[in-house]
Amino acid sequence: MTAIDAGQLGTRIAAPVRDGLAVAWRNLIALRRVPRLLIFSTVQPLVFVLMLRYVFGGVVGPALPPGVSYVDFLIPGIFVQTAVFGSMNTAIGLATDMQTGLMERFRSLPMARSAVLSGRTTADLARNVFVVSLMAAVGFALGFRIHAGVPAFLGGVLLVLAFGFAMSWIFAVVGMAVGDPETAMAASFPVLAPLVFASSAFVPVYTMSGWLQAFANHQPVSQTAEAVRVLVLGGPATSAIWEALAWDAGIVAVFAPLGVWLYRRAV
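Residues numbered from 1 in each chain as written. Predicted model: local features only at pLDDT ≥ 70, side-chain atom pairs only at ≥ 80, totals over all residues. Heavy atoms only, no water.

If you look the protein chain up in an unreviewed UniProt entry, it shows as Transport permease protein from Kitasatospora gansuensis. Regarding the protein chain, the relevant UniProt record gives this comment under Sequence similarities (unreviewed entry): "Belongs to the ABC-2 integral membrane protein family." (UniProt positions renumbered as here; feature names shortened; annotations may be inferred.)

A.B. asks: Explain the overall build of the protein chain to me, and be specific about the residues and the numbers.
C.D. replies: A count of helices and strands for the protein chain gives 11 helices and 0 strands. Taken from the N to the C terminus, the helices and strands of the protein chain come in the order α-α-α-α-α-α-α-α-α-α-α. Of all 267 residues assigned to the protein chain, the portion counted as buried reaches 48%. Counting only contacts in the protein chain whose residues sit at least 6 apart along the sequence, the fraction spanning at least 24 positions is 79%. (Helix = DSSP H or I, 4+ residues; strand = E, 2+ residues; numbered from the N terminus. Buried < 20%, exposed > 50% of the residue type's maximum accessible area, 1.4 Å probe, protein only. Contact = heavy atoms within 4.5 Å.)

A.B. asks: Give a detailed account of the UniProt feature "transmembrane region" (unreviewed entry) in the protein chain, specifying residues and quantitative values.
C.D. replies: Per the UniProt record, the feature "transmembrane region" (unreviewed entry) sits at residues 37-61, 73-95, 125-146, 152-179, 191-212 and 244-263. Across residues 125-146, helical content stands at 77% and strand content at 0%; the span's end C-alpha atoms are separated by 24 Å. Within the segment residues 152-179, helix and strand shares are 96% and 0% respectively, and the terminal C-alpha atoms sit 40 Å apart.

A.B. asks: Quick one: what's the story with the pattern of salt bridges, residue by residue and with numbers?
C.D. replies: Evaluation of the coordinates by the stated rule reveals 2 salt bridges. Between Asp124 and Arg120 there is a salt bridge, with its nearest N and O atoms 3.2 Å apart. Taken together, the residues Asp124 and Arg120, both in helix H6 (residues 115-141) and 4 residues apart, mark about one turn of the helix. Like Asp124, the residue Arg120 is buried in the burial classification. Across the salt bridge formed by Glu226 and Arg229, the nearest N and O atoms sit 2.8 Å from each other. Of this pair, Glu226 and Arg229 are both found in helix H10 (residues 220-233), 3 residues apart, which corresponds to roughly one turn of the helix. (Salt bridge = Lys/Arg side-chain N within 4 Å of Asp/Glu carboxyl O.)

A.B. asks: Now, about H10: what can you tell me, with residues and values included?
C.D. replies: The first and last C-alpha atoms of H10 sit 20 Å apart over 14 residues, in line with the 20 Å expected at 1.5 Å per residue. H10 sits mainly inside the fold: 12 of its 14 residues count as buried. Within the span of H10, buried status applies to Pro220, Val221, Ser222, Gln223, Thr224, Ala225, Ala227, Val228, Arg229, Val230, Leu231 and Val232. The N-cap of H10, judged by a side-chain oxygen 2.9 Å from the amide nitrogen of Val221 a few residues on, is Gln219. A positive phi of about 100 degrees marks Gly234, the residue just after H10. (Expected span 1.5 Å × (residues − 1). Polar contact = N/O pair within 3.5 Å; in protein donor to acceptor, adjacent residues only side chain to side chain.)

A.B. asks: Talk me through the packing of helix H3 (residues 70-86) against H10; I want residue IDs and the actual numbers.
C.D. replies: For the pair H3 and H10, interaxial distance at closest approach is 9 Å and the crossing angle is 135 degrees. Taken together, the axis directions place H3 and H10 in an arrangement best described as oblique. Judged by the twist between their axes, the crossing of H3 over H10 is right-handed. Counting all contacts with H3, which are made through Asp72, Phe73, Pro76, Gly77, Val80 and Val84, the residues of H10 involved are Val221, Thr224, Ala225, Val228, Arg229, Val232 and Leu233. (Axes fitted to C-alpha atoms, helices over the stretch in contact; angles between N-to-C directions. Parallel < 35°, antiparallel > 145°, perpendicular 65-115°, else oblique. Left-handed = near helix turned anticlockwise from the far one by under 90°.)

Printed below as a string of structure tokens:
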């Protein structure tokens with residue numbers, strides 16, 4: 001490869017990244033200008049962690065393995081649930097941009113076609129960093145403790161953020177497909193509910209009905225929650241981590257191209 005070819009390849013890679021970061025910054029500025037959006041996006045996870053900790057703890061706690069408290073079991077699941085529910089903002093944000101005509105203005109600019117979607121998902125990733133950090137602080141206040149060391153815990157947080165980023169691409173497709181914020185919200189919940197509530201995020205899978213266990217054991221929320229839980233509580237984590245990362249890679253590989261294709265058709 002000649003120096004000219006290498007330079008052209010570098011430009012082709014750098015330009016979409018630069019454009020995506022510009023769109024991400026635009027979305028983050030919108031959060032700064034409307035802080036109540038960020039505030040209310042943290043209220044729901046807070047309600048979940050308080051409700052589940054004190055309402056279900058007495059019921060689920062005795063079903064856990066000896067030595068595992070419910071708050072230590074719950075908080076990794078809350079991290080994953082927070083990332084999944086937060087990804088719904090991707091669908092709503094993109095649908096709003098479509099409805100207001102912003103997508104047409106983006107299309108008229110000399111920018112990468114993928115930048116609108118990658119910028120939106122990157123901005124939501126940054127928002128997840130704040131929300132997950134807040135959930136960790138609340139968890140520590142409620143008695144959550146790290147059992148496998150700080151590096152493993154930070155690895156679990158990174159795994160949660162990667163999963164939230166992957167899920168954002170699913171809801172980017174939802175937002176582009178429906179093109180209306182109210183419909184995007186309504187269409188997102190049927191996807192969210194089975195994944196979150198029929199998973200190991202809040203209760204052990206072996207406490208569920210037999211037919212439901214097959215689904216709960218083989219879906220991305222459970223796989224990610226178990227991987228994060230192992231990193232927090234300790235134990236052999238290699239298999240669980242690779243399975244969670246495989247889900248992330250598979251989701252992005254399928255839904256990122258689909259989202260870009262829908263964007264090209266929509267505007």
